[in-house]
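Results of the structural survey
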Amino acid sequence: MDLDLRKLRYFAAVAEHRHFGRAAEELYIAQPVLSRQIRALEQELGCALFVRTTRSVQLTPAGEQLRQEAPGLLASVDSAVRRVHEVGRGVERLVVAFTPGLHVSEAVRVFSAAHPDVEIELLQVKWWEQTAPLRDGRADVGYLRRPFDDSGLHTVAVGTERKDACLPATHPLAGRPALVLADLEGESILDARERRTSSVEEKFELVAAGHGIALVPHSVACSYSRPDLVHIPVKDAEPVDVCIAVVKDRRERHVRDFVTIAQQTLGEGAGARAGGG
């Protein structure tokens, strides 16, 4: 079957709001029109996507699966359309994704000097979606930290980063020059399986408020330095591998050239600094 992208966008809005009225307002269409489009999508797919009552709208298991798939599908189509338009206008563009704390400016500067005709965009990604922009076409190259799913990706290891313990400035261990994991026994560690956080900012706010500590890559701790927190190297913590990644079937010259330049600049500068300490 052919999936109607307009209906998919309508579905994504309802799935986000869990409310047909608010979704219709966001989409600037009448609610009855939206309801008909969603029913038509359900008929095309052959399954119910929502359970509707007079008071609530809930996703069915099939709806939840489509909710997870829809952003990648829509982003992939948008990226393909953007690239087609760029080729039509004779424009070359390179989008570089990076996780917080990893510095891409040196590679961008060197690449731009060698390829002044290529427009560069930067895209910061969250820890839980490191590879998503590469897979759906929003980004061409990624500066990533393991672990991540590298299936379908060509990755180049460019260094390691030590881990620091991020603590409140008033913590009893805050004055220590270095720690070992045994020092942290009994502490509530954010991003352990039972204490997930959705962003670096949220993590550090919780640490500052006394709701736990965090083990983070050294560059992240430095990038988010603040007076109410301290970060201390943990000497026996497993270091974090830093990689450059591209989708395996990407063969464009400017993508290959950027990866080469990024390897050189990270190996000579940022990569060495990431592994220091």
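Structure's up top.
Criteria and cut-off values
- Residues numbered from 1 in each chain as written.
- Predicted model: local features only at pLDDT ≥ 70, side-chain atom pairs only at ≥ 80, totals over all residues.
- Heavy atoms only, no water.
- Helix = DSSP H or I, 4+ residues; strand = E, 2+ residues; numbered from the N terminus.
- Contact = heavy atoms within 4.5 Å.
- Lys, Arg positive; Asp, Glu negative; His and termini not counted.
- Charge placed at Lys NZ, Arg CZ, Asp CG, Glu CD.
- Phe/Tyr/Trp six-rings, centres within 6.5 Å; stacked < 30°, edge-to-face > 60°.
- Buried < 20%, exposed > 50% of the residue type's maximum accessible area, 1.4 Å probe, protein only.
- Lys NZ or Arg CZ within 6 Å of the ring centre and 35° of its normal.
- Right-handed = clockwise from strand over helix to strand, strands pointing away.
- Pairing = 2+ DSSP bridges.
- Axes fitted to C-alpha atoms, helices over the stretch in contact; angles between N-to-C directions.
- Parallel < 35°, antiparallel > 145°, perpendicular 65-115°, else oblique.
- Nonpolar A, V, L, I, M, F, W, Y, C, P; charged D, E, K, R; others polar.
- Polar contact = N/O pair within 3.5 Å; in protein donor to acceptor, adjacent residues only side chain to side chain.
- 1 Å grid on protein atoms, 1.4 Å probe; cavity = no way out; pocket = protein on both sides within 12 Å on 5 of 7 lines; lining within 4 Å.
- Points joined across faces, edges and corners; volume = space filled by probe spheres on them.
- Left-handed = near helix turned anticlockwise from the far one by under 90°.

What follows concerns the overall build of the chain. Helix and strand counts for the chain stand at nine helices and eleven strands. Referenced to the eigenvectors of the C-alpha coordinate spread, the extents of the chain come out at roughly 65 × 50 × 30 Å. A fraction of 69% describes how many contacts in the chain between residues 6 or more apart in sequence connect residues 24 or more apart. If you average the places of the 35 positive and of the 39 negative side-chain charges in the chain, the two averages end up 3 Å apart.

Bringing the packing of aromatic side chains into the picture now. Aromatic ring pairs are defined here through the distance separating the ring centres and the angle between the ring planes. In total, this model carries five aromatic pairs according to the counting rule given. Taken together, a centroid distance of 5.4 Å and an interplanar angle of 70 degrees make the contact between F111 and F258 edge-to-face. Note that F111 is positioned in helix 5 (residues 105–114) and F258 in helix 9 (residues 253–274), a separation of 147 residues in sequence. F258 matches F111 in its accessibility class, with the two residues each being buried. Look at Y143 and F258: their rings are 6.4 Å apart centre to centre, the planes differ by 65 degrees, and that puts the pair in the edge-to-face class. In this pair, Y143 sits in strand 5 (residues 141–145) while F258 sits in helix 9, placing the two residues 115 residues apart along the sequence. As far as burial versus exposure is concerned, Y143 and F258 are alike and both buried. Members of the aromatic cluster, each reached through a chain of ring pairs, are F11, F20 and F50. The ring centre of F148 lies 4.7 Å from the NZ or CZ of R146, which sits over that ring.

Across the seven residues of strand 3 (residues 92–98), six count as buried, placing the element largely inside the fold. In this fold, strand 3 hands off to helix 5, which returns the chain to strand 4 (residues 118–124); that crossover is right-handed. Sheet topology places strand 3 next to strand 5; three bridges connect them, and they run parallel. When the bridges of strand 5 are listed, F98 appears paired with Y143.

One can describe the packing of helix 2 (residues 20–27) onto helix 3 (residues 31–45) by two numbers: an axis separation of 9 Å at closest approach and a directional angle of 105 degrees. Classified by the angle between their axes, helix 2 and helix 3 sit roughly perpendicular to one another. Note on element contacts: helix 3 touches helix 2 through Q31, L34, S35 and I38, opposite F20, G21, A23, A24 and L27. Per-class residue counts for the contact of helix 2 with helix 3 are six nonpolar, three polar and no charged.

Turning to the side chain of D136, a few remarks are in order. Tracing the chain through its elements places D136 in helix 6 (residues 132–136). On the basis of relative accessibility, which here comes to 9%, the residue D136 falls in the buried class. One polar contact links D136 to R138, side chain to side chain, over a distance of 3.0 Å. In contact with D136, not counting residues within four places along its chain, are G72, A75, S76 and S79.

Turning our eyes to something else, we now look at the layout of surface pockets. What the largest pocket holds in volume is close to 700 Å³. Around the largest pocket sit 28 residues that line it, and W127, P147, D191, L215 and P217 are the ones nearest its centre. Taken together, the elements giving at least two residues each to the lining of the largest pocket come down to strand 8 (189–190), helix 7 (200–208), strand 9 (213–217) and strand 11 (240–247). Class assignment for the residues of the lining of the largest pocket results in 14 nonpolar, four polar and ten charged. The space that makes up the second largest pocket amounts to roughly 260 Å³. Q68, P71, G72, A75, S76, W128, E129, A132, R135, D136 and R138 are the residues that line the second largest pocket. Among the elements of the structure, helix 4 (61–88) and helix 6 are those that each provide at least two residues to the lining of the second largest pocket. Considering every element that reaches the lining of the second largest pocket, the biggest residue donor is helix 4, with five residues.

All right, on to the side chain of K203 then. Its location among the elements puts K203 in helix 7. Once residues within four sequence positions are removed from consideration, K203 is found in contact with L190, D191, T197, A214 and V216.

Packed helices, taken two at a time, are described by their axes: the angle between them and the distance between them. Axis separation between helix 1 (residues 5–17) and helix 3 bottoms out at 9 Å; the angle between their running directions is 110 degrees. Accordingly, the angle class assigned to the pair helix 1 and helix 3 is roughly perpendicular. The two elements helix 1 and helix 3 cross, and the hand of that crossing is left-handed. Listed contacts from helix 3 to R6, K7, Y10, F11 and V14 of helix 1 are L34, Q37, I38, A40, L41 and E44. Grouping the constituent residues of the contact of helix 1 with helix 3 by class yields seven nonpolar, one polar and three charged.

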